[in-house]
Amino acid sequence: MSKEEKKSILGFTKEELQKLISPTFRIKQIFNWLYHKRVKSFLDMKNLPKNLREELENKYNIKELEIISKQKSSDGSIKYLFKLKDNHTVEAVLLKMKDAVYNEDGSIKHLPKYTVCVSSQVGCKVGCAFCLTAKGGFVRDLKANEIVEQVLQIYEDNNIDCNRKVNIVYMGMGEPLDNLENVAKAIKIFSDMDGMSISVHRQTISTSGLSSKIDKLAKMDLGINLAISLHAVDDELRQKLMPINKAYNIASIIEAVRRFPVNLRKKVMFEYLMIKDVNDDIKSAKKLVKLLNGIKAKVNLIYFNPYPGSEFERPEEKRVKEFQQYLLNKGVLCTIRESKGLDISAACGQLREQNLGEKV
Ligand code: SAH
Ligand code: SF4
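All figures in this text were calculated on a predicted structure; none of them were measured in a lab.

Participant: What should I look at first to understand the sheet that holds strand E16 (residues 333–336) in this one?
Facilitator: The strands making up a sheet associate through backbone hydrogen bonding, with each pair oriented either parallel or antiparallel. Pairing within the open sheet is mixed, and its 10 strands lie in the order E3-E4-E5-E8-E11-E12-E13-E14-E15-E16. Where the open sheet ends on each side, the last strands, each with one partner, are strand E3 (66–72) and E16. With direction set aside, neighbouring strand axes in the sheet form an average angle of 20°. Note: strand E11 (residues 167–170) against strand E12 (residues 203–207), 3 bridges, orientation parallel. Within E12, the residue paired with Ile168 across the bridge is Gln203.

See the structure below:
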């Protein structure tokens, strides 16, 4: 079998491998080598019989992605640009949510808290007016292994132990619900107790609001958290910002969210991108409160992150704070997303754009 035809083993769930490899206990061992010890070759899987190691080496590969660019932000977040086997590129970001805390003697009290933001597609079909990923159009869906490997390589690059509690957000490039099959597979692989054990409660899908796919996700009953990129409270404006709103309007999204099974202790997150003089007024905040009435929701306000040539502007801090305070006063949980990695232009698609730009 030529190298090109080999499939990546990282795209297989344990259940799928059970149909291909026997006896079953070998699969647990393989998962341990792949995700705990992070070996680069099947030949290093020392407790497997030699013939199985060779069979695996002939049929599958482990590493397909290559880190071709890395930018570190002053807050400790790191943005990665990965090259795929077909030379397309996608971004992923390691977000440092909390710094490490040290004891007086210099020993570590708490390790830093991380979230990994992964891409689900090369480009995106949804075409939001404010989003840089949309500008390059849609190229293709990522395969499950290409999603899994973004996280695995980031773990490896930062020496993160597989037992650490890390969050995953599907908020990189692409619309995850437009590639639901592969994303669902990645969710299962991440949460496997013999692999990285990243609980489904630590994984969040962010969607532009494909209502029918939200229902489909609900039926799959994966237990994952849901985030809705709302960004506007009336259909007219939302349609301008997000053309997908013509197919799935605000009412249809809210209905789908009401049907979504939310973990008892969790809430659905509504992301609201604040754009200067477009949607950052108190009238919008008022409408937002009405819209979310009766939903277990929390709102996350995001500063629009400008990029060269973007037609929108970052709002003033005062407006964002006032917007937040209005929601809080009305009893709606509301946070402001810290501009993690702002100095490395963390809005998705920007590192890729820079890199493509350099090549021209
Ligand atoms: N397609 C999915 C997930 C990827 S986008 C979605 O739209 O939800 C992840 C988040 O980044 C979305 O909330 C999106 O609105 C936001 N985003 C896109 N461009 C941005 C920009 N220039 N500044 C800040 N956030 C941006
Ligand atoms: Fe796609 Fe999300 Fe960007 Fe919209 S914001 S174009 S859905 S990646």
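Participant: Is there a simple way to think about the pairing of E3 in this case?
Facilitator: Two faces, one strand: in a regular strand the side chains alternate between the faces of the sheet. Alignment of E3 against strand E4 (residues 78–83), held across 6 bridges, turns out to be antiparallel. Along E4, the bridge assignment pairs Ser69 with Leu81. Hairpin connection between E3 and E4: a loop of 5 residues separates the two successive antiparallel strands, and Gly76 in this loop has a positive phi of roughly 95°.

Participant: Explanation requested: the packing of aromatic side chains in the structure shown.
Facilitator: For any pair of aromatic rings, the description consists of the separation of the ring centres together with the inter-plane angle of the planes. Per the stated rule, a full pass over the model turns up 6 aromatic pairs. The structure contains a cluster of three or more aromatic residues connected by ring pairs, namely Phe304, Tyr307 and Phe312. The ring of Phe138 carries Lys125 above its face, with NZ or CZ at 4.7 Å from the centroid.

Participant: So what exactly am I meant to see when it comes to the nonpolar core here?
Facilitator: Burial of nonpolar side chains together is a common tendency in soluble globular proteins. Counting residues in each nonpolar core, the largest one holds 88 residues, and the members touching the most others are Ile9, Tyr170, Phe190, Phe270, Val299 and Leu327. For this core, the element with the most residues is helix H6 (residues 180–191), which contributes 7 residues. Ignoring any residue separated from it by four or fewer positions in sequence, one finds Phe190 in contact with Ile147, Val148, Val151, Ile168, Tyr170, Met196, Ser197, Ile198 and Gln203. Counting residues in each nonpolar core, the second largest holds 17 residues, with Phe130, Leu210, Leu241 and Phe312 among its members.

Participant: What's the story with the environment of Lys125 in this structure? I'm lost.
Facilitator: Mapped onto the elements, Lys125 comes out in the loop between strand E9 (121–123) and helix H4 (132–135). Linking Lys125 and Gly136, residues 11 residues apart in sequence, is a C-alpha distance of 9.7 Å. When sequence neighbours within four positions are dropped, the list of residues in contact with Lys125 reads Phe138 and Asp178.

Participant: Mind showing me how you'd approach the site of ligand 2 here?
Facilitator: Close contacts around ligand 2 come from Cys124, Val126, Gly127, Cys128, Phe130, Cys131, Ala134, Gly174, Glu175 and Ser208, and that covers them all. A class-by-class count of the residues in the shell around ligand 2 yields 6 nonpolar, 3 polar and 1 charged.

Participant: Just checking my understanding: could you explain the pairing of E16 for this structure?
Facilitator: Sheet topology places strand E15 (residues 297–303) next to E16; 4 bridges connect them, and they run parallel. Each residue of the ladder has a partner; that of Leu301, found in E16, is Ile336. Handedness of the E15-helix H11 (residues 317–329)-E16 crossover: right-handed.

Parameters and conventions
- Residues numbered from 1 in each chain as written.
- Chains lettered and ligands numbered in written order.
- Predicted model: local features only at pLDDT ≥ 70, side-chain atom pairs only at ≥ 80, totals over all residues.
- Heavy atoms only, no water.
- Pairing = 2+ DSSP bridges.
- Helix = DSSP H or I, 4+ residues; strand = E, 2+ residues; numbered from the N terminus.
- Axes fitted to C-alpha atoms, helices over the stretch in contact; angles between N-to-C directions.
- Phe/Tyr/Trp six-rings, centres within 6.5 Å; stacked < 30°, edge-to-face > 60°.
- Lys NZ or Arg CZ within 6 Å of the ring centre and 35° of its normal.
- Core = buried A, V, L, I, M, F, W, Y, C linked by side-chain atoms within 4.5 Å.
- Buried < 20%, exposed > 50% of the residue type's maximum accessible area, 1.4 Å probe, protein only.
- Contact = heavy atoms within 4.5 Å.
- Near = heavy atom within 4 Å.
- Nonpolar A, V, L, I, M, F, W, Y, C, P; charged D, E, K, R; others polar.
- Right-handed = clockwise from strand over helix to strand, strands pointing away.

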